[in-house]
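# Coordinate inspection notes
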Amino acid sequence: MAQRGHQMDSEKLSCSICLDLLKDPVTTSCGHSYCMNCIKTHWDGEDMKRIYSCPQCREIFTPRPVLEKNFMLAELVEELKKTGLQAAAADHCYAGPEDVACDVCTGRKRKSVKSCLRCMISYCEQHLQPHYDAPPLKKHQLVEPSKNLQENICSPHDEVMKIFCRTDQRLICYLCTMDEHKGHETVPAAAERTEKQKELEVSRLNIQQRIQDKEKDEKLLQQEVKAINFDAEKTVEDSEKMFAQMIRLIQKRSFDVEQQIRSQQETEVSRVKELQEKLKQEIRDLKRKDAELKQLSDTPDHTQFLHNYPSVSAFSESKPSSSINIHPLKHFEEVTAAVKELRDKLQDILRDTWSNISPTITEEDALLSGPEPKTREEFLIYARQITLDPNTANTYLLLSEGNRKVILLNQQQSYSDHPERFNTYFQVLSKESLTGRCYWEVEWRGGGGVKVAAAYKNVSEDGTSNNYVFGFNDKSWALRCYTDRYTFLYNKVQTVLSGPRSSRIGVYVDHRAGILSFYSVSETMSLLHRVQTTFTEPIHAGFLLCNAGVTAEFVKLK
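Bear in mind the structure is a predicted one, so any value in this text is a computation, not a measurement.

## A word on the overall build of the protein
- What the protein contains, in helices and strands, is 12 helices and 25 strands.
- Here the protein, with 558 residues, has 41% of them falling under the buried criterion.
- Only carbon and sulfur atoms are counted for the fraction: they give 51% of the accessible area of the protein, which is about 31,400 Å².

## Considering the nonpolar core
- Ranked by internal contacts, the top residues of the largest apolar core, which has 38 residues, are W440, L516, F543 and L545.
- Here this core takes four residues from strand 16 (residues 437–445), the largest share from any one element.
- Aside from chain neighbours lying at most four places away, what touches L516 is A454, W477, V507, Y508, V509, H529, R530, V531 and F535.
- Ranked by size, the runner-up nonpolar core spans 22 residues in total, among them M161, F164, L200 and I207.

## Side note on the UniProt feature "coiled-coil region" (unreviewed entry) in the protein
- UniProt marks residues 262–299 with the feature "coiled-coil region" (unreviewed entry), using the numbering shown here.
- Secondary structure across residues 262–299 divides into 95% helix and 0% strand, with the first and last C-alpha atoms of the span separated by 54 Å.

## Description of helix 2 (residues 36–44)
- Listed as buried for helix 2 are M36, C38, I39 and W43.
- The inward-facing, buried residues of helix 2 contact strand 1 (25–27), strand 2 (33–35), strand 3 (52–53) and strand 4 (60–61).

## Concerning the sheet that holds strand 15 (residues 427–429)
- Pairing is antiparallel in the open sheet, where six strands are placed in the order 15-24-17-18-19-20. Edge strands, defined here as strands with exactly one partner in the open sheet, are strand 15 and strand 20 (493–497). With direction set aside, neighbouring strand axes in the sheet form an average angle of 20°.
- Pairing of strand 15 with strand 24 (residues 540–545) involves three bridges; the strand directions are antiparallel. By the bridge assignment for strand 24, Q427 is matched with L544.

## Observations concerning the environment of K23
- Among the secondary structure elements, K23 is positioned in the loop between helix 1 (2–12) and strand 1.
- Separated by 51 residues in the primary sequence, K23 and A74 place their C-alpha atoms 7.4 Å from one another.

## What about unusual backbone geometry?
- The linkage connecting T62 with the following residue, P63, adopts the cis geometry, with an omega of -5°.
- Mapping P63 onto the fold places it in the loop between strand 4 and helix 3 (71–82).
- The phi torsion at Q169 lies on the positive side, around 55°, for a residue other than glycine.
- Among the secondary structure elements, Q169 is positioned in the loop between strand 10 (163–165) and strand 11 (170–172).
- Using a relative accessible area of 46% as the deciding quantity, one classes Q169 as partly exposed.
- The phi torsion at K492 lies on the positive side, around 70°, for a residue other than glycine.
- Residue placement: K492 occurs in the loop between strand 19 (486–490) and strand 20.

## Re helix 5 (residues 125–133)
- For helix 5, the full list of buried residues reads H127, L128 and H131. All buried residues of helix 5 lie within an arc of 100° about the axis, which places them on one face of the element.
- Buried-residue contacts for helix 5 involve strand 5 (114–116), strand 6 (121–123), helix 6 (135–138) and strand 7 (142–143).

## Some details on the sheet that holds strand 14 (residues 405–408)
- Ordered in space as 13-14-25-16-21-22-23, the seven strands form an open sheet in which the pairing is antiparallel. In this open sheet, the two strands that pair with only one neighbour each are strand 13 (397–400) and strand 23 (525–532). For this sheet the average axis-to-axis angle between neighbouring strands, irrespective of direction, equals 20°.

## Brief notes about the environment of E11
- Residue position: E11 is located in helix 1.
- Counting along the chain gives 10 residues from E11 to L21, while the straight-line C-alpha distance between them is 7.9 Å.

## A short note on the pairing of strand 24
- Counting buried positions along strand 24 gives six out of six residues, so the element sits mostly inside the fold.
- Of the two faces of strand 24, the one lined by H540, G542 and L544 and the one lined by A541, F543 and L545 are each fully buried.
- When strand 17 (residues 450–455) meets strand 24, the two strands line up antiparallel, connected through six bridges. Paired with K451 across the strands is L544, a residue of strand 24.

## Comments concerning the pattern of salt bridges
- Summed over the entire model, instances satisfying the criterion amount to 31 salt bridges.
- A salt bridge links R404 to E401, with the nearest nitrogen and oxygen atoms 4.0 Å apart.
- A network of salt bridges, in which partner residues are shared, links R376, E441, E443, R445 and R504.

Thresholds, definitions, all that
- Residues numbered from 1 in each chain as written.
- Predicted model: local features only at pLDDT ≥ 70, side-chain atom pairs only at ≥ 80, totals over all residues.
- Heavy atoms only, no water.
- Helix = DSSP H or I, 4+ residues; strand = E, 2+ residues; numbered from the N terminus.
- Buried < 20%, exposed > 50% of the residue type's maximum accessible area, 1.4 Å probe, protein only.
- Areas by Shrake-Rupley, 256 points an atom, 1.4 Å probe, with all protein chains shown as cover.
- Core = buried A, V, L, I, M, F, W, Y, C linked by side-chain atoms within 4.5 Å.
- Contact = heavy atoms within 4.5 Å.
- UniProt positions renumbered as here; feature names shortened; annotations may be inferred.
- Pairing = 2+ DSSP bridges.
- Axes fitted to C-alpha atoms, helices over the stretch in contact; angles between N-to-C directions.
- Arc of directions from axis to C-beta.
- Salt bridge = Lys/Arg side-chain N within 4 Å of Asp/Glu carboxyl O.

Pasting the structure below:
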């Protein structure tokens, strides 16, 4: 409250001409006080008229008054200065570099609160007051403070430009109509503003309609993306079901077809999303243009409006976008039909001419001669979706998540007898046999750890001895993961490994090249162990769980 009182005192003791605290204060007979130098300078400008007036109330003095210093006010000013609040009380109202300064203030200028289009001057709150009090000034048009008032002045004639020349499409003053623009078609600026305003509204309506049309097209494109993804997923599912009916040597073709579908899906989605992005950009551009037109439309100053109209109102009339047609994705149906036909033909061939079939070098074999992947993105190119085979699962293992996940329990499950089932050790193999280049990832949890293995299907043929435990024969390779270390096992030989601890393990197989690699996967991939051998049979992924409660799961890779 004390600070507010000091601020009010400083305003009362300020000169209305320089807006600073009074210096050598003098008081006129009408009761208003000024700095001695400020009022003398003001009256010096009126010497030619021999009529002197008060800058605040406009009272006339003749002859020029003789002024004496007001010692009481001087003492009050000095006392106020001692409080040290002078700057704080005034700084907030002074113009900064980004503000429009008052044209009337002398010395340090205050911020303008309005600009007058009749006077072509910007005023601070104090100097603006006559425009609210004097009846003739009340008719002047006040707008927000502007630094561009001089653009309203005709430079050759120094007159306000209130006329629009339609012949030359420019603003002019009334003197211009008598020389340079004599005989041209001219109208008042306000009349031309009215015409341009109508054109502006038509343009805005057109843009708004185009925005609505393009937003509808965008929604159609979103629906098409959903349809593409749905059809692709259904096609992949149907293809996998049909490939599951083929014999083991043909199973690898399932991945080829899936990749083909994914590639087509990516192409189609990319095409649609490209159209989406174009539509979004056009919508953003139209909205931005609409905002510019609205800002121009709301401009109260006719002169500023007509100055800016040519550049702001101009915009390219693009052709209306063609309607988005959603059509059935025949290429996915063709893939499904082709796979079904291939399945039927192969079943007939394998039934009737099995003995005549011999292995040949396939197109896939040729593609596998490329460089070994280095980054996770490159490994994911060869990602396989793997499931566990319930017929191989030990009876204490429970499968879930579509046979992708396994947990070791304390009680047996009701599995039927099967010759491929592991009866002694808590092991399970994948349903899929893997050839070519393959990559998969495993998430594991629980104390005691898990073995992440790659093995031949006939690893269980050694009977019930420990010879068929993953890593204890020449038909399987196993990485045992503990919470604090890793070990690798092959043919009963154990190798202690070093590497970053992770609950996710990546496994890469290049069957033809005889490469098997295990990786610790986190933010980066770290190689734990690499095997170079010769594979004589297709590979199956496998798990061995070491303690109850341990889980292992094949990760879905995209």
